[in-house]
Amino acid sequence: PQSGEVLVKMLYASYSPADTLQESKTNGVKYPFVCGYDGVGVVESTGEDVTDLTEGDYVAVFLVP
């Protein structure tokens, strides 16, 4: 990762109503479509200037489209 970035290995992802909305044909989604806006992962590595997370930390991940 670059300075200020964190590499997270995703362990679990949810399938929520937000994913259903994104996936609906009326929204113009193109396939292949990857769902899962919320999840849990473990920090694999950190970039320079990251001081609050270390390798092996579990984190909640919330993706904002």
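Only a predicted model underlies this, so the values are computations on that prediction, with no experimental measurement involved.

### Some points on the overall build of the protein
Part 1: The helix and strand tally for the protein stands at one helix and three strands.
Part 2: Counted from the first residue to the last, the protein has its helices and strands arranged as β-α-β-β.
Part 3: Looking at the protein residue by residue over its 65 residues, the buried ones come to 20%.
Part 4: Partitioning the intrachain contacts of the protein with sequence separation of at least 6 by distance along the chain shows that 58% fall at a separation of at least 24.
Part 5: For the protein, the accessible surface area stands at approximately 5,000 Å², while carbon and sulfur atoms represent 56% of it.

### So, the pairing of strand β3 (residues 58-62)
Part 1: Side chains V59 and V61 of β3 all project onto a buried face; the interleaved residues Y58, A60 and F62 project onto a face where none is buried.
Part 2: Where strand β2 (residues 38-46) and β3 come together, five bridges link them in antiparallel fashion. Note on β3: the bridge partner recorded for V40 is A60.

### Some points on the confidence of the model for the protein
Part 1: Mean pLDDT over the protein stands at 83; residues scoring 70 or higher make up 75%.
Part 2: Looking at the elements of the protein, mean pLDDT is at its lowest for helix α1 (residues 17-23), recorded as 73, and at its highest for β2, recorded as 94.

### Regarding unusual backbone geometry
Part 1: Its identity is not glycine, yet D49 carries a phi of approximately 75 degrees, on the positive side.
Part 2: As for its placement among the helices and strands, D49 is situated in the loop between β2 and β3.
Part 3: Its relative accessible area of 61% is what places D49 among the exposed residues.

Analysis parameters
Residues numbered from 1 in each chain as written. Predicted model: local features only at pLDDT ≥ 70, side-chain atom pairs only at ≥ 80, totals over all residues. Heavy atoms only, no water. Helix = DSSP H or I, 4+ residues; strand = E, 2+ residues; numbered from the N terminus. Buried < 20%, exposed > 50% of the residue type's maximum accessible area, 1.4 Å probe, protein only. Contact = heavy atoms within 4.5 Å. Areas by Shrake-Rupley, 256 points an atom, 1.4 Å probe, with all protein chains shown as cover. Pairing = 2+ DSSP bridges. pLDDT = per-residue confidence, 0-100.

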